[in-house]
Amino acid sequence: MSAGTQEMPEARRVLIPVDGSQGSRSAFNWYLRNSRRPNDEAVLVHSFNPPSLAAVGFASPGAEIAIADMWHREAEEEHKKSAQMLKDYEALCKAQNIRCKTVMESGSAGESIVRAADNHKADFVVMGSRGLNALRRTLLGSVSDYVMHHAEMPVTIVPEGKK
Amino acid sequence: MSDEGQQAAAGPTRRVLLAIDGSEFTRKAFDWYTENIFREGDVVLLAHAFQMPVPAVFAFGASVALGDGYQQQVQAAQDKAIALLREYAALCESKKISCQKVIETIQDSPGEVICEIAKEKEVDMIVMGSRGQGVFRRTFLGSVSDYVIHHSHMPVTVVPPKK
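By convention here, each chain's residues receive numbers from 1 onward along its written sequence. As they are written, the chains are lettered A onward and the ligands numbered 1 onward, keeping that order. For this predicted model, a pLDDT threshold of at least 70 governs which residues receive local features, and a threshold of 80 or more governs which side-chain atom pairs are given and counted, while totals over whole chains, interfaces and linings are taken from all residues. Water and hydrogen atoms were dropped before computing side-chain values, which therefore reflect all heavy atoms in the structure.

Enquirer: Run through the overall build of chain A, naming residues and quoting values.
Expert: Looking only at helices and strands, one finds 5 helices and 5 strands in chain A. Only DSSP runs of H or I reaching four residues or more are called helices, and only runs of E reaching two or more are called strands; each is numbered from the N terminus. Element order for chain A, N to C, with α for helix and β for strand: β-α-β-α-α-β-α-β-α-β. Scored against the burial criterion, the 163 residues of chain A give a buried share of 44%. In what follows, a contact means two residues having at least one pair of non-hydrogen atoms within 4.5 Å. Taking all contacts inside chain A whose residues are at least 6 apart in sequence as the whole, residues at least 24 apart take part in 75%. Here the open area of atoms and residues is found with the Shrake-Rupley method and a 1.4 Å probe, where only the protein chains shown may cover a residue. Counting every atom, chain A has about 8,800 Å² of accessible surface; 53% of that belongs to carbon and sulfur. Here's how the labels work: a residue is buried when its accessible area is under 20% of the maximum for its type, exposed when over 50%, partly exposed in between, all with a 1.4 Å probe on protein chains only.

Enquirer: Report on the pairing of strand S2 (residues 43-50) of chain B, specifying residues and quantitative values.
Expert: Residue and element names in this part refer to chain B. Across the 8 residues that make up S2, a large majority, 8, are buried. Side chains Val43, Leu45, Ala47 and Ala49 of S2 all project onto a buried face; the interleaved residues Val44, Leu46, His48 and Phe50 project onto the opposite face, where all are buried too. Two strands make a pair as long as DSSP finds a minimum of two bridges between them. Here strand S1 (residues 15-19) runs beside S2; their pairing, made up of 5 bridges, is parallel. In the sheet register, Arg15 faces S2, and the bridge partner there is Val43. What joins S1 to S2 is helix H1 (residues 24-36), and the crossover it makes is right-handed. Relative to strand S3 (residues 98-105), S2 is paired through 8 bridges, and the arrangement is parallel. By the bridge assignment, Ala49 is partnered in S3 with Glu104. The handedness of a crossover follows from its direction of travel: if, with the strands pointing away from the viewer, the path from the first strand over the helix to the second runs clockwise, the crossover is right-handed.

Enquirer: I'd love a proper account of the state of the cysteines, names of residues and values included.
Expert: A covalent bond between the sulfur atoms of two cysteines is what we call a disulfide. For the purposes of this analysis, a disulfide is any pair of cysteine sulfur atoms at a distance within 2.5 Å. Counted by the stated rule, this structure contains 0 disulfides over all chains. Not engaged in a disulfide, the cysteine A:Cys93 finds its nearest cysteine sulfur in A:Cys100; these two sulfurs lie 3.9 Å apart. Judged by relative accessible area, A:Cys93 falls into the buried class, the value being 0%. With no disulfide of its own, B:Cys99 lies closest to B:Cys92 among cysteine sulfurs, the gap being 4.0 Å.

Enquirer: Now, about the packing of aromatic side chains: what can you tell me, with residues and values included?
Expert: Residues and elements named next belong to chain B. For Phe, Tyr and Trp, rings pair up if their centres lie within 6.5 Å, where Trp contributes its six-membered ring, and each pair is then called stacked (planes under 30 degrees apart), edge-to-face (over 60) or tilted (otherwise). This model, assessed by the stated rule, comprises 4 aromatic pairs over all chains. When the ring of Phe30 is compared with that of Tyr88, the centres are 5.5 Å apart and the planes differ by 70 degrees; the resulting orientation is edge-to-face. Here Tyr88 lies in helix H2 (residues 68-94) and Phe30 lies in helix H1, a separation of 58 residues in the sequence. Tyr88 shares its class with Phe30; the two are buried. Judged by centre distance (6.2 Å) and plane angle (75 degrees), the ring pair of Tyr33 and Phe38 falls under edge-to-face.

Enquirer: Describe the sheet that holds strand S3 (residues 99-106) of chain A, naming the residues involved and giving the relevant values.
Expert: If you trace the 10 strands from one edge of the open sheet to the other, you get S3(A)-S2(A)-S1(A)-S4(A)-S5(A)-S5(B)-S4(B)-S1(B)-S2(B)-S3(B), paired in mixed fashion. Two strands bound the open sheet, and with one partner strand each, they are S3 of chain A together with S3 of chain B. Across this sheet, the average inter-strand angle for adjacent strands is 20 degrees, counted without regard to direction. Judged from the 3 bridges that link them, strand S5 (residues 155-158) of chain A and strand S5 (residues 156-159) of chain B form a sheet pairing that is antiparallel. In the strand pairing of S5(B), A:Thr156 is matched with B:Thr157. An axis is simply a line fitted to the C-alpha atoms; with a helix, the fit covers only the stretch in contact. Between two such axes, the angle follows the N-to-C directions and lies from 0 to 180 degrees. In this fold helix H3 (residues 110-120) of chain B packs onto S1, S2, S3 and strand S4 (125-129) of chain B, with an angle of close to 135 degrees to the strand it touches most, S3(B).

Enquirer: I'd like a description of the packing of H1(B) against H2(B), backed by residues and values.
Expert: Residue and element names in this part refer to chain B. One can describe the packing of H1 onto H2 by two numbers: an axis separation of 12 Å at closest approach and a directional angle of 20 degrees. In terms of their interaxial angle, H1 and H2 are classed as roughly parallel. Considering how the two elements wind past one another, H1 and H2 form a crossing that is right-handed. Contacts from Thr26, Arg27 and Phe30 of H1 reach H2 at Tyr88, Leu91 and Cys92. The scheme is simple: roughly parallel for angles under 35 degrees, roughly antiparallel for over 145, roughly perpendicular for 65 to 115, oblique for anything else. In a left-handed crossing the near helix is turned counterclockwise from the far helix by less than a right angle, and in a right-handed crossing that turn is clockwise.

Enquirer: Report on unusual backbone geometry, specifying residues and quantitative values.
Expert: Residue and element names in this part refer to chain A. You will see that Asn39, though not glycine, has its phi angle at about 75 degrees, which is positive. Summarising the element assignment, Asn39 is placed in the loop between helix H1 (22-34) and strand S2 (41-48). Even without a glycine there, the phi angle at Asn97 is positive, about 60 degrees. Looking at the element boundaries, Asn97 is found in the loop between helix H3 (64-95) and S3.

Enquirer: Tell me about helix H5 (residues 142-150) of chain A, residues and numbers included.
Expert: The periodicity of an α-helix, 3.6 residues per turn, causes residues three or four positions apart to be oriented the same way. Of all the positions in H5(A), only A:Ser144, A:Val147, A:Met148 and A:His149 are classed as buried. Tucked into the core, H5(A) has its buried residues touching helix H4 (109-119), strand S4 (124-128) and S5 of chain A together with helix H5 (143-151) and S5 of chain B.

Enquirer: Residue-level account of the nonpolar core, with values.
Expert: Buried Ala, Val, Leu, Ile, Met, Phe, Trp, Tyr and Cys residues that are joined via side-chain atoms within 4.5 Å together make up what is termed a nonpolar core. In terms of nonpolar packing, the biggest core is built from 40 residues, with A:Leu15, A:Val155, B:Leu17 and B:Ile126 touching the most fellow members. Per-element accounting of this core gives the leading share, 5 residues, to H3(B). Among the nonpolar cores identified, the runner-up in size contains 39 residues, and A:Leu86, A:Cys93, B:Trp32 and B:Val127 belong to it.

That is the geometry; function is a separate question.
Below is the structure:
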């Protein structure tokens, strides 16, 4: 590089799966502190899964309609929470001057993340080792495990303890 | 900090373990690190898990006293390992990256050696290639990187063969 030339770094796209857990927050923070470059664009993906019927609770026989209503309301509540969570992350990105876009996917989390990384042509992925649903017994949750095995681009797994 | 956007701020020295195994996958991981994570002040630990050669005589099941032949085999393997790390050290030097060479002999598995070195040398992150057998196993993750992501307590980046 000769003196006087300003080489604009090539824009990178980083995909960060988020789910409201400390794990995804740790991953996001790790990216900011360790990898972030000017011109990066962050794609924040959330895989939304409506609550299961069992989570809604039991009711007396003949109360199917009541259950359906309850489920519907819970699903909407959860969806609102997820949308808010994405908005919060968007605000964090703005505060850091990072271009970002949020994506709400649904279905199997691992598959959604790999699909989103592909669709959005992410250059790399940074994710927590565990999400909201992972069992405490393991160091690596099944979603992160799935993404590590199937993503076509570099994936960084950030353990929960890391800030 | 510039107005165009911030870069991950310079912070305390980071120690980065780069798992080196002589394959082209390692070179991909090295290049990815230098292009996407590296910042001035980083100390790179070039870590190689050394496999003691199996004495040729054992291949035939006979128990024969190991002679000079085996000594030479071990020496040759060690020389090769050292040459490999020297190669990467030279690459680091050409890019003005501080580095250290670490070789440890495999007792149980290469993955275990990587994790041990990471812990002992108190590294901040691990970067490694993946020796995935994409065509046959339909995934990109090799067994060594699989071990490390399941057992490491620090961030691990696995750089896959494609792209």
